[in-house]
Amino acid sequence: MASVSTVMTSNPATCKVNTSVRDVARMMLESDCGQIPVIDDQGRPLGVVTDRDIAVRVVANGGDGTATAGEAVTSPVRTVRADSDLKDCLCVMVEAQVRRVPVVDDSGKLTGIVALADIALAGKSRATGEVVKEVSEPPGS
């Protein structure tokens, strides 16, 4: 199987913990994505904010666009390295029940993001179908 670097999106939009969720949502719109990695000052991922995180952790609790990424973040974050095999990436997705995984370099700095859709578009349809099934099952099923 190919490596993560062959299908990942390089240099994804990122935010800091103090970025407003309004700005995070705007980044999602501009980048046509549903997840923005939250990074530290060295570029290492601390967590991610998804469109669902904003809806469930902020809006559903009465918050507004002034809430910060730190208030909506899912952390800790599972990552893979760019040279990881796609099979290993799929295993991370299944174990963590996620559809997107940040990609880091040897020093832990964010270099990309790989989504289930990226793997599907790369022609790994059977593997993708199996992962979608596993990721979509409720925990403990």
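What counts as what
- Residues numbered from 1 in each chain as written.
- Predicted model: local features only at pLDDT ≥ 70, side-chain atom pairs only at ≥ 80, totals over all residues.
- Heavy atoms only, no water.
- Pairing = 2+ DSSP bridges.
- Helix = DSSP H or I, 4+ residues; strand = E, 2+ residues; numbered from the N terminus.
- Core = buried A, V, L, I, M, F, W, Y, C linked by side-chain atoms within 4.5 Å.
- Buried < 20%, exposed > 50% of the residue type's maximum accessible area, 1.4 Å probe, protein only.
- Contact = heavy atoms within 4.5 Å.
- Axes fitted to C-alpha atoms, helices over the stretch in contact; angles between N-to-C directions.
- Parallel < 35°, antiparallel > 145°, perpendicular 65-115°, else oblique.
- Left-handed = near helix turned anticlockwise from the far one by under 90°.
- Salt bridge = Lys/Arg side-chain N within 4 Å of Asp/Glu carboxyl O.
- 1 Å grid on protein atoms, 1.4 Å probe; cavity = no way out; pocket = protein on both sides within 12 Å on 5 of 7 lines; lining within 4 Å.
- Points joined across faces, edges and corners; volume = space filled by probe spheres on them.
- Nonpolar A, V, L, I, M, F, W, Y, C, P; charged D, E, K, R; others polar.

1. Regarding the sheet that holds strand β4 (residues 80-81)
Logical step 1: The mixed open sheet is built from 4 strands, whose spatial order is β1-β6-β5-β4. Every interior strand has two partners, whereas the edge strands, β1 (9-10) and β4, have only one.
Logical step 2: In terms of strand pairing, β4 meets strand β5 (residues 100-104) through 2 bridges, oriented parallel. Each residue of the ladder has a partner; that of R81, found in β5, is V104.

2. As for the nonpolar core
Logical step 1: Residues V4, V80, M93, V114 and I119 are the most contacted members of the largest nonpolar core, which totals 14 residues.
Logical step 2: Counting only elements with at least two residues in this core, the list comes to α4 (86-96), β5 and α5 (116-121).
Logical step 3: At 5 residues, α4 tops the list of elements feeding residues into this core.
Logical step 4: Apart from the residues lying within four places of it in its own chain, the contact partners of V80 are V4, C89, V92, V101, P102, V103 and V104.
Logical step 5: Counting residues in each nonpolar core, the second largest holds 13 residues, with V21, V24, M27 and A72 among its members.

3. Quick look at the packing of helix α1 (residues 21-31) against helix α2 (residues 51-58)
Logical step 1: Interhelical geometry of α1 versus α2 gives an angle of 150 degrees and a closest axis separation of 10 Å. Regarding the angle of α1 to α2, the classification is roughly antiparallel. In the crossing of α1 with α2, the sense of the turn from one axis to the other is left-handed. Every residue of α2 that contacts α1 at V21, V24, A25 and M28 is listed here: D51, I54 and V58.

4. A look at the environment of V77
Logical step 1: Along the chain, V77 turns up in the loop between α3 (69-72) and β4.
Logical step 2: The sequence separation of V77 and G47 amounts to 30 residues, and the corresponding C-alpha distance is 4.7 Å.
Logical step 3: Among all residues touching V77, those that are not within four sequence positions of it are P45, L46, G47, V48 and P102.

5. Quick word on the pattern of salt bridges
Logical step 1: All told, the structure shown has 7 salt bridges when counted by the stated rule.
Logical step 2: D41 is paired through a salt bridge with K16; the nearest N and O atoms lie 3.0 Å apart. Of this pair, D41 sits in the loop between β2 (35-39) and β3 (45-50) while K16 sits in the loop between β1 and α1; the two residues are 25 residues apart in sequence, bridging distant segments of the chain.
Logical step 3: Residue classification places D41 among the exposed positions, given a relative accessible area of 69%.
Logical step 4: With a relative accessible area of 30%, K16 lands in the partly exposed category.
Logical step 5: For D40, the salt bridge is made with R44, and the minimal N-O distance between the two is 3.1 Å.
Logical step 6: Here D40 falls in the buried class, since its relative accessible area comes to 15%.
Logical step 7: In this structure, a network of salt bridges that share partners links the residues R81, D83 and D106.

6. Quick notes on the layout of surface pockets
Unoccupied space between atoms shows up once a probe the size of one water molecule is rolled over them.
Logical step 1: There is about 450 Å³ of room inside the largest pocket.
Logical step 2: As for the largest pocket, its lining consists of 19 residues, and the residues nearest its centre are Q35, V48, T50, T74 and V98.
Logical step 3: Where the lining of the largest pocket is concerned, the elements lending two or more residues are β3, α2 and β5.
Logical step 4: The element contributing the most residues to the lining of the largest pocket is α2, with 5 residues.
Logical step 5: When the residues that make up the lining of the largest pocket are grouped by side-chain class, the tally is 8 nonpolar, 4 polar and 7 charged.
Logical step 6: The calculated volume of the second largest pocket comes to roughly 220 Å³.
Logical step 7: Lining the second largest pocket are 14 residues, with T9, C33, R100, I113 and A115 sitting closest to its centre.

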